[in-house]
Amino acid sequence: MPVLDEILSRVPDAAKDARLTLTSALTSTALTPTQRSGAAVAAALAAGSRELADALGAELSAEDRVGVDTAVALMGMTNVWYTYVDFAADEQLKTIPPQLRMVSYGKHGGVPKLDFELYALSASLVGKCRPCIVSHVQEVRTAGASTEALRDIGRIAASVNAVSKFV
């Protein structure tokens, strides 16, 4: 991936650990290549780096990219809403529907449910939404993901988030 290599070459030596962690995480064997790339793109978009997202997703199919983009768009809303409700600690606020449109959540953005949940988890990690993280970990576990897969999603999200600060 020459574009990704060029982007990573711009990461300063001060952030070498993040760059090397990302490179290593992108070779995870606990996740499929599509899951790795999709999770990385989701984290990059959640971190606000379209350039990094496009480089990380260069090998994704158009259908997989729609699934990632759908997960990121939904998490862009829900991460803010549920963090707000969590921090507000207002019992009445917790009881009313958020009235956020989420029709595409039920369709998983057209990708397998496990993949969609991994992308949503990656975006939620960057979004730092505790309720969303708990929910997506539970969904991923129910779908059969291993502890190593969960670790690798965390590694991908953390390192992409760090690298995105420099590119």
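Residues numbered from 1 in each chain as written. Predicted model: local features only at pLDDT ≥ 70, side-chain atom pairs only at ≥ 80, totals over all residues. Heavy atoms only, no water.

J.: Looking at this structure, how should I read the pattern of salt bridges?
T.: If the charged atoms of two oppositely charged side chains come close together, the side chains can form a pair. All chains considered together, the criterion is met by 10 salt bridges. Where Arg 10 meets Glu 51, a salt bridge forms, and the shortest distance between an N and an O atom there is 2.9 Å. With a gap of 41 residues between them, Arg 10 in the loop between α1 (2–9) and α2 (16–25) and Glu 51 in helix α4 (residues 50–56) connect regions that are remote in the sequence. Its relative accessible area of 40% is what places Glu 51 among the partly exposed residues. Arg 65 is paired through a salt bridge with Asp 69; the nearest N and O atoms lie 2.9 Å apart. Note that Arg 65 and Asp 69 are positioned in helix α5 (residues 62–88) at a spacing of four residues, about one turn of the helix. Taking the relative accessible area as the measure of exposure, Arg 65 reaches 16% and is therefore buried. In the salt-bridge network here, residues are joined through shared partners; they are Glu 6, Arg 10 and Glu 51. (Salt bridge = Lys/Arg side-chain N within 4 Å of Asp/Glu carboxyl O. Helix = DSSP H or I, 4+ residues; strand = E, 2+ residues; numbered from the N terminus. Buried < 20%, exposed > 50% of the residue type's maximum accessible area, 1.4 Å probe, protein only.)

J.: Is there a simple way to think about the side chain of Asn 161 in this case?
T.: For Asn 161, the position within the fold is in helix α9 (residues 147–164). Residues in contact with Asn 161, not counting those within four places in the same chain, are Ala 47 and Val 126. (Contact = heavy atoms within 4.5 Å.)

J.: For this particular structure, what's the right way to read the packing of aromatic side chains?
T.: The way to describe two aromatic rings as a pair is by their centre distance and the angle between their planes. Under the counting rule described, the total for this entry stands at two aromatic pairs. Taking the centre distance of 5.6 Å and the plane angle of 70 degrees together, the rings of Trp 81 and Tyr 84 count as edge-to-face. Within this pair, Trp 81 and its partner Tyr 84 are both found in helix α5, separated by three residues, close to a single helical turn. By relative accessible area, Trp 81 is classed as buried at 17%. The class of Tyr 84 is partly exposed, set by a relative accessible area of 44%. On the numbers, 5.4 Å between centres and 80 degrees between planes, the contact of Tyr 105 with Phe 116 is edge-to-face. Placement of Tyr 105 in the loop between α6 (91–95) and α7 (113–127) and of Phe 116 in helix α7 is noted, with a sequence separation of 11 residues between them. (Phe/Tyr/Trp six-rings, centres within 6.5 Å; stacked < 30°, edge-to-face > 60°.)

These values are about where atoms sit, not about what they do.
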